[in-house]
Amino acid sequence: MLVTGKEILDHAHKNGYAVGAFNVNNMEIVQAIIAAAEQEKSPVILQTSEGAIKYAGADYLSAMVTLAARKASVPVALHLDHGTSFNTIMTCIRNGWTSVMIDGSHHPLEENIKVTADVVRIAHAAGVSVEAELGRLSGVEDNISVEEKDAIFTNPDEAVVFVKETGVDYLAIAIGTAHGKYSGVPKLDFDRLTEIKKRLDMPIVLHGASGIGEEDLKKSVRLGINKINIDTDIRQAFADAVRDVIVNKPEEFDPRKICGPAREAMKAVVVEKMRIFGCAGKA
Ligand code: G3H
Ligand code: 13P
Ligand code: ZN
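What counts and what doesn't
- Residues numbered from 1 in each chain as written.
- Chains lettered and ligands numbered in written order.
- Predicted model: local features only at pLDDT ≥ 70, side-chain atom pairs only at ≥ 80, totals over all residues.
- Heavy atoms only, no water.
- Helix = DSSP H or I, 4+ residues; strand = E, 2+ residues; numbered from the N terminus.
- Buried < 20%, exposed > 50% of the residue type's maximum accessible area, 1.4 Å probe, protein only.
- Near = heavy atom within 4 Å.
- Polar contact = N/O pair within 3.5 Å; in protein donor to acceptor, adjacent residues only side chain to side chain.
- Areas by Shrake-Rupley, 256 points an atom, 1.4 Å probe, with all protein chains shown as cover.
- Nonpolar A, V, L, I, M, F, W, Y, C, P; charged D, E, K, R; others polar.
- Salt bridge = Lys/Arg side-chain N within 4 Å of Asp/Glu carboxyl O.

A. View of unusual backbone geometry. Of note, the phi angle at Lys-41 is positive, near 50 degrees, even though the residue is not glycine. Tracing the chain through its elements places Lys-41 in the loop between helix 2 (27–40) and strand 2 (44–48). Given the relative accessible area of 53%, Lys-41 is considered exposed. For His-82, which is not a glycine, the phi torsion comes out positive at approximately 50 degrees. The topology assignment puts His-82 in strand 3 (residues 76–83).

B. Molecular detail of the site of ligand 2. Neighbouring residues of ligand 2: 15 residues in total, closest Asp-81, Gly-208, Ser-210, Asp-231 and Thr-232. Within the side chain of His-82, one N or O atom sits 3.1 Å away from an oxygen atom of ligand 2. Taking His-179, its side chain carries an N or O atom lying 3.0 Å from an oxygen atom of ligand 2. Relative to its unbound accessible surface of 310 Å², ligand 2 loses 96% to contact with the protein. Only strand 3 and strand 8 (225–230) provide two or more residues apiece to the shell around ligand 2. Of the residues contributing to the shell around ligand 2, the split by class is three nonpolar, ten polar and two charged.

C. Spatial organisation of the site of ligand 1. Near ligand 1 you find Asn-23, Ser-49, Asp-81, His-82, His-179, Asp-231 and Arg-235, and these make up its full shell. One of the side-chain N or O atoms of Ser-49 is found 2.6 Å from an oxygen atom in ligand 1. Interatomic distance of 3.2 Å between a side-chain N/O atom of His-179 and an oxygen atom of ligand 1. In the complex, 66% of the free accessible area of ligand 1, which totals 300 Å², lies under the protein chains. Per-class residue counts for the shell around ligand 1 are no nonpolar, four polar and three charged.

D. Focus on the pattern of salt bridges. All chains considered together, the criterion is met by 15 salt bridges. Put simply, Asp-157 and Arg-199 hold a salt bridge, and the shortest N to O gap is 2.7 Å. Here Asp-157, found in helix 8 (residues 156–166), pairs with Arg-199, found in helix 9 (residues 190–199); they are 42 residues apart in sequence, far enough to count as distant. By relative accessible area, Arg-199 is classed as partly exposed at 37%. Note that Lys-218 is salt-bridged to Glu-214, the shortest N-O span being 2.9 Å. Here the residue Lys-218 and the residue Glu-214 both occupy positions in helix 10 (residues 214–222), the gap between them amounting to four residues, near one helical turn. Judged by its relative accessible area of 39%, Glu-214 is partly exposed. Via salt bridges that share partners, Asp-157, Glu-195, Lys-198 and Arg-199 belong to a single interconnected network.

In short, the description is geometric, and any link to function would need to be established separately.
See below:
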């Protein structure tokens, strides 16, 4: 069933687990994630970036995900990931998305508050939940100074002001993760997460979670993360499986025999994440 992001994430916040938010760009990815969610009896969030919308079209993505959600026995939300333009946000609201992210994290605090509050007003009027981001999501070196870290990571005092002024439903924070593949070993600021969660009685979001080890993910969930974004790990599984067919069966040219194994490989990644995040069995 198709539900709002808030419905899924408020339950996760109250019950101390995290829900996976997986990026989708095509039918095989949608089917892999939904199959995993059904098998694991897990709520799930399917999210589309602005790039995904440009690639596949808002109408196609909406049709695929809402069909999948209607057929599914578990709660499914369709979320806009890193929305930056008002146009994209309006397109999503009009096309059946049940959750949108307005990413104003590159703006100074006041401007981030302003653009986020505008989106909250409109989205809430349409019954759509809103995620926003505070802090810069860039991996940091081990030897970075405390001052430098404070300038990049989410400031707990600012987070309280930000949530109060915007009325946002869930907040993405920066505590040391980065998008894409990690070159070194990421070091997460768990004290900062603890402090933020202590001050904010709401779902908290972790971006850039591909490549983060199982123990760190479980600890993040214990300390209050409720939505975990995964894209790169699924892309990698897709590419590895496709490459395997192309390299080992060079005579193969049936798209179903090339993309079918990739769909299975992506499902396995999602199942593994759901078990780590604690959302398996929560639907
Ligand atoms: O956080 C970004 C996601 O991985 C989406 O990436 O903009 O290439 O679709 P994309
Ligand atoms: P990864 O690609 O690092 O998993 O990040 C995904 C993400 O944060 C999407 O918003
Ligand atoms: Zn992200």
